[in-house]
Every structure is written in structure tokens, then in C-alpha cells.
Protein chains: 2
Amino acid sequence: MPRAGLDENFVLQAAAELADTLGADGVTLAVLAKRLNIRPPSLYNHIQGLPDLRRKLAVYGVDLLYREMKQALESGVSKPEKLQALVEAYLSFAERHPGLYELTQRSLGPEVRSAGEPIVQLMLEQLKQMGIYGRSAIHAVRGLRSILHGFVSLSKEEGFGLPYAWKESLDYTLRAFLKGLKTMAEGNK
Amino acid sequence: MPRAGLDENFVLQAAAELADTLGADGVTLAVLAKRLNIRPPSLYNHIQGLPDLRRKLAVYGVDLLYREMKQALESGVSKPEKLQALVEAYLSFAERHPGLYELTQRSLGPEVRSAGEPIVQLMLEQLKQMGIYGRSAIHAVRGLRSILHGFVSLSKEEGFGLPYAWKESLDYTLRAFLKGLKTMAEGNK
DNA sequence: CAATATAACTAATGGCATTAGTTTTGTAAA
DNA sequence: TTTACAAAACTAATGCCATTAGTTATATTG
């Protein structure tokens, strides 16, 4: 192993920092190479080009998000609090890693989806604890993910305006959604 | 007026078709020029460069979406049906104009947000008809938009799998959300 | 200490957006 | 009808980017 000190994971980490600093489109092989003090062609020893880098970054991001969400489950005692903790972790990740988050959403093949499976499982477990399972739970998780991603996207788009109020709207929306879920679940009994 | 037959609107329309055919990133000045049978620099007589084109395309798309949603209100008699018609129009637009839709979501300044204001108004009106207004309605519209955009994004990302089932999940989610909204609204009385 | 694999390098190509400067052409005034 | 002007096309050139091919340097392994 010659020229140690630079492997794929290190490259990915540097690229991730670039993404969060300059935005998802700011990640170019040129600036990444400059950042690593090598010439652009040298990058091809670690990644297979820009599309490959983007794909790997997306997987890297989804996996990081999963680990942070899992970590967040440590806090929170009751069931609803645990779900709330998952929500907070998701929002926190999107805020601290805007570029990485954006890359995870630029639909890029099946490996990114696979990497997101564990996150779905995490949510399913919490919903089960709250009495929502089976077919309803599938719908509910999709709804939950949509609400979370939707709010992140929209609040980013609107940018200024009333920054903090977005959190309030999200809480309101989640409360309404969960309340409706419970009502529907009870109706099925 | 020299060399008539090519104005900004025509350019935008051609670019929109390209976006929906080749994807949002497929819109380059090179292919747009080829499509219009002119050289790339000639485009600068109608637009001020690629970022400007993207911004204008986004506004173009949001406005088109608004007009289609407004049109959709013609159908549907009862209040919930009208809201449902808005939802259908939104989904239909996203499906028929994937590239244009994507461009409307790539947050690009205040003019795009302004163009989206009428859509918010459309939703607010329907919610009012359903007994949801005031501060709650603001939250509700944000929730509604998040759910819609979230589902469009996620179903696009997942791609294969169970295509049609997404619609079912969305309906389920909307039903739960609206039910929760009503419950909360009644609770405030 | 020698051999090898790995990772860096230089050089070159083609595509892209963009700018500067020039030519063409349709319309409107003389 | 002719002339003048302004708008929109053009050519030429620049610089940045990703990518490929071929070469050189170096760290580890035997």
C-alpha cells in the first residue's frame, strides 16, 4: 500500500464537508482535489468519477442519518417521546448537513434506498409501540417521511420570512397526523 | 423588431419541454440552442445565462401549476371534493412535468416564492370552507404542501417497488391529517 | 535490498458557459 | 423606395470542468 493517508472514506468525509459548506452542487472534483492537495485525476484512484462520488456521498449521508436517529432513541422515556426524538434527530441532521441531506434526496439508484431501509424500520418500531402496525403502519411511515422531508424542503425554500414558525407548523402537523392515525386505528377495532 | 419568431416565452417553453424530457439537469444552453436551431451565444439575447434561465423556468412552472390547480376547482361540488381536486391537480402536474416540477423545488430566490403565493391562497380558501382558518390554517397549509411535496419526492426516489401503492399511502395520510385537523379545530371551540 | 502494487503525476481531449466583437435583417422613418 | 437603426443572429476566443491515457514515484512485502 503506497502513499497511505488517503483512502475512500477520507475522500468521502472531505467531500461531505464541502457539500455542507458549498452546497450539493459545490462538490466538484476540482475543488475536492484542491482540498486534498492532489490533482483531479488522482481522485480516480479512490472513486469512479463524479456520479459515483455523488452516489457514495448519498449513501454516506443516509447511513450517518440513521446512526444519529438510532442514537437519539437513547433519550426519551415514553413512546411518543421516542418518536419525537426521531423527528428531532432528523431535523437536526438536515440543518447541520444541508448539502449532504440534499444529496440523499437526489434519487440515485437502489443502493441509496437500501441504505434508508433501517430508518424505515426505526420508525416502524416506534409506531408499533404506539399501536399502529400492519398495513396502516406502512402508510404511516410514508406519511411521516413525507411530512419530514416536505417541511425540510419547504422551509429551506422559503428561507427567510418567519424562520422559527416553521417548527411550530411542523409540530402542529405532526400532532394532527398522529391524532388522525390513532382515530383511524381505533375505528378499525 | 428584427428576426421575429423567437421571444423569451418561446425559449422558455422549449426549455420546459427539454426539462421534462431530459430532466432538470438536462437543460443546458448547448442543447437548448440546438433545439432552437441557433448558436448558444444567441440565447443571451433572450435570457441572461443559465442561472437566469433556471429561475425563469421555476417561475414558469409554478405559475403553470397554479393555473392547473385553479382550473381543477371547476370540478368537484362539495368542499372536500374540491380540496381533493387540488391534490389531484398537484400530483398530475408533478407527474406530467417532472423536470419542471423539480426546478420549482430547487429554491431559487424570492420570485419563485412569490409565484407560489396564489397556490397557498387556493388551499387556504378550501380549508376555510372546511372550517379551518386563522393560525391553524397557516399550519395546515404548510402541512398540506409538505405532505404533497414529500410524497412526490419520495415516490420518485423509490422509483420501482410498488408504484401504485404510493397513491394509497398518500390518501391514507391525507385522511389521517384532515381528520386530526378537524378534531383539533373542534377541541378549540 | 529488490519487486510489485498502488497512488500520485503530467499531458491532452472534448464539452460546457460565457464574453467580445461583428454581421445580418426586419421594421420604421425619410 | 430607400435609408437608418435596433434587435438578434453570428464567429472567435477564453477558461473551467470532467475524464482518459500514459508515466513516475513510493511504501510495503518478501
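Residues numbered from 1 in each chain as written. Chains lettered and ligands numbered in written order. Predicted model: local features only at pLDDT ≥ 70, side-chain atom pairs only at ≥ 80, totals over all residues. Heavy atoms only, no water.

Q: What exactly am I supposed to notice about unusual backbone geometry here?
A: Most peptide bonds take the trans form, and the phi angle of most residues other than glycine is negative. Residue and element names in this part refer to chain A. The backbone of Asn-37 shows a phi angle near 60°, a positive value even though the residue is not glycine. Residue position: Asn-37 is located in the loop between helix H2 (29-36) and helix H3 (50-72). Among the residues examined, Asn-37 registers a relative accessible area of 70% and is labelled exposed. (Helix = DSSP H or I, 4+ residues; strand = E, 2+ residues; numbered from the N terminus. Buried < 20%, exposed > 50% of the residue type's maximum accessible area, 1.4 Å probe, protein only.)

Q: Just to check I follow, could you spell out the protein's contact with DNA strand D for this structure?
A: Contacts to DNA strand D come from 21 residues, most closely from Leu-29 and Tyr-44 of chain A together with Arg-39, Ser-42 and His-46 of chain B. Backbone atoms, meaning sugar and phosphate, make up 76% of the atoms of DNA strand D lying within 4 Å of the protein. In this structure, a phosphate oxygen belonging to DNA strand D sits 2.6 Å away from a side-chain N or O atom of Tyr-44 of chain A. Separating a phosphate oxygen of DNA strand D from a backbone N or O atom of Arg-39 of chain B is a distance of 2.6 Å. Looking at side-chain class alone, the surface near DNA strand D contains 13 nonpolar, five polar and three charged residues. (Near = heavy atom within 4 Å. Polar contact = N/O pair within 3.5 Å; in protein donor to acceptor, adjacent residues only side chain to side chain. Nonpolar A, V, L, I, M, F, W, Y, C, P; charged D, E, K, R; others polar.)

Q: Can you help me understand the packing of helix H1 (residues 8-22) of chain B against helix H2 (residues 29-36) of chain B in this one?
A: For any two helices packed against each other, the geometry is given by the interaxial angle and the distance between the axes. Residue and element names in this part refer to chain B. Running from N to C, H1 and H2 cross one another at 120°; their axes reach a closest spacing of 10 Å. By crossing handedness, the relation of H1 to H2 is classed as right-handed. Together, Phe-10, Val-11, Ala-14, Ala-15, Glu-17, Leu-18 and Leu-22 of H1 and Val-31, Leu-32, Arg-35 and Leu-36 of H2 make up the contact between the two elements. Per-class residue counts for the contact of H1 with H2 are nine nonpolar, no polar and two charged. (Axes fitted to C-alpha atoms, helices over the stretch in contact; angles between N-to-C directions. Left-handed = near helix turned anticlockwise from the far one by under 90°. Contact = heavy atoms within 4.5 Å.)

Q: How should I be thinking about the pattern of salt bridges in this particular structure?
A: Pairs can form between side chains of opposite charge whenever their charged atoms are close. Residue and element names in this part refer to chain A. Summed over the entire model, instances satisfying the criterion amount to 22 salt bridges over all chains. Salt-bridge contacts for Asp-63 lead to Arg-67; the nearest nitrogen and oxygen are separated by 3.2 Å. On the criterion of helical spacing, the pair formed by Asp-63 and Arg-67 is a turn pair, its members being four residues apart in helix H3. Residue classification places Asp-63 among the partly exposed residues on the basis of a relative accessible area of 34%. You can call Arg-67 partly exposed: its relative accessible area is 45%. (Salt bridge = Lys/Arg side-chain N within 4 Å of Asp/Glu carboxyl O.)

Q: So what exactly am I meant to see when it comes to the interface of chain A and chain B here?
A: By a widely used convention, the size of an interface equals the accessible area lost when the partners come together. The interface of chain A with chain B comprises 36 residues on the first partner and 35 residues on the second. Regarding the contact of chain A and chain B, the summed buried area is about 3,700 Å², with carbon and sulfur atoms giving 59% of it. In this assembly, chain A and chain B are joined by two salt bridges. Arg-135 of chain B serves as the salt-bridge partner of Glu-168 of chain A, at 3.1 Å between the closest nitrogen and oxygen. (Buried area = accessible area lost by both parts, 1.4 Å probe.)

Q: In this structure, what is going on with the environment of Leu-43 of chain A? I would like to understand it.
A: By the element assignment, Leu-43 of chain A lies in the loop between H2 and H3. In the structure, Leu-43 of chain A is positioned 104 residues away from Ile-147 of chain A in sequence and 38 Å away in space, judged by C-alpha atoms.

Q: How should I be thinking about the relation of the copies chain A and chain B in this particular structure?
A: The operation relating the two chain copies consists of a rotation about an axis and a shift along that axis. You can overlay chain A on chain B at an RMSD of 0.0 Å; the transform is a turn of 180° with a shift of 0.0 Å along its axis. Both copies of the chain, as the preceding transformation shows, are related through a two-fold rotation axis. In this assembly the copies share their binding face: 97% of the residues contributing to the interface of chain A also contribute to that of chain B. (Least-squares fit on C-alpha atoms with pLDDT ≥ 70 in both.)

Q: I would appreciate a short explanation of the packing of aromatic side chains in the present structure.
A: Two descriptors summarise a pair of aromatic rings, namely the distance from one centre to the other and the angle between the planes of the rings. Counted by the stated rule, this structure contains four aromatic pairs over all chains. Aromatic side chains Phe-151 of chain A and Trp-166 of chain A sit 5.8 Å apart centroid to centroid with 80° between the ring planes, which places their arrangement in the edge-to-face category. Here the residue Phe-151 of chain A occupies a position in helix H7 (residues 135-158), and Trp-166 of chain A occupies one in helix H8 (residues 165-187), the gap between them amounting to 15 residues. Like Trp-166 of chain A, Phe-151 of chain A is buried. Considering the side-chain rings of Tyr-90 of chain B and Tyr-101 of chain B, the 5.8 Å spacing of their centres and the 80° angle between planes classify their relative orientation as edge-to-face. Placement of Tyr-90 of chain B in helix H4 (residues 79-96) and of Tyr-101 of chain B in helix H5 (residues 98-105) is noted, with a sequence separation of eleven residues between them. No difference in accessibility class separates Tyr-90 of chain B from Tyr-101 of chain B, as the two residues are buried. The lysine or arginine in question, Arg-142 of chain A, covers the ring of Trp-166 of chain B, its NZ or CZ lying 4.2 Å from the ring centre. (Phe/Tyr/Trp six-rings, centres within 6.5 Å; stacked < 30°, edge-to-face > 60°. Lys NZ or Arg CZ within 6 Å of the ring centre and 35° of its normal.)

Q: Just checking my understanding: could you explain the packing of H1 of chain B against helix H3 (residues 50-72) of chain B for this structure?
A: All names here are of chain B. Interaxial distance between H1 and H3 falls to 10 Å at its minimum, and their mutual angle equals 85°. Here H1 is positioned roughly perpendicular relative to H3, judged by the angle of their axes. Contact with H1, carried on its side by Glu-8, Asn-9, Leu-12, Gln-13, Ala-15 and Ala-16, involves Leu-53, Lys-56, Leu-57 and Tyr-60 of H3 and no other residues of that element. Its residues placed into classes, the contact of H1 with H3 shows six nonpolar, two polar and two charged. (Parallel < 35°, antiparallel > 145°, perpendicular 65-115°, else oblique.)

Q: Mind showing me how you'd approach the environment of Gly-116 of chain B here?
A: Residues and elements named next belong to chain B. Tracing the chain through its elements places Gly-116 in helix H6 (residues 110-129). Among the residues examined, Gly-116 registers a relative accessible area of 12% and is labelled buried. Note: C-alpha distance between Gly-116 and Leu-65 (51 residues apart in sequence) is 9.0 Å.

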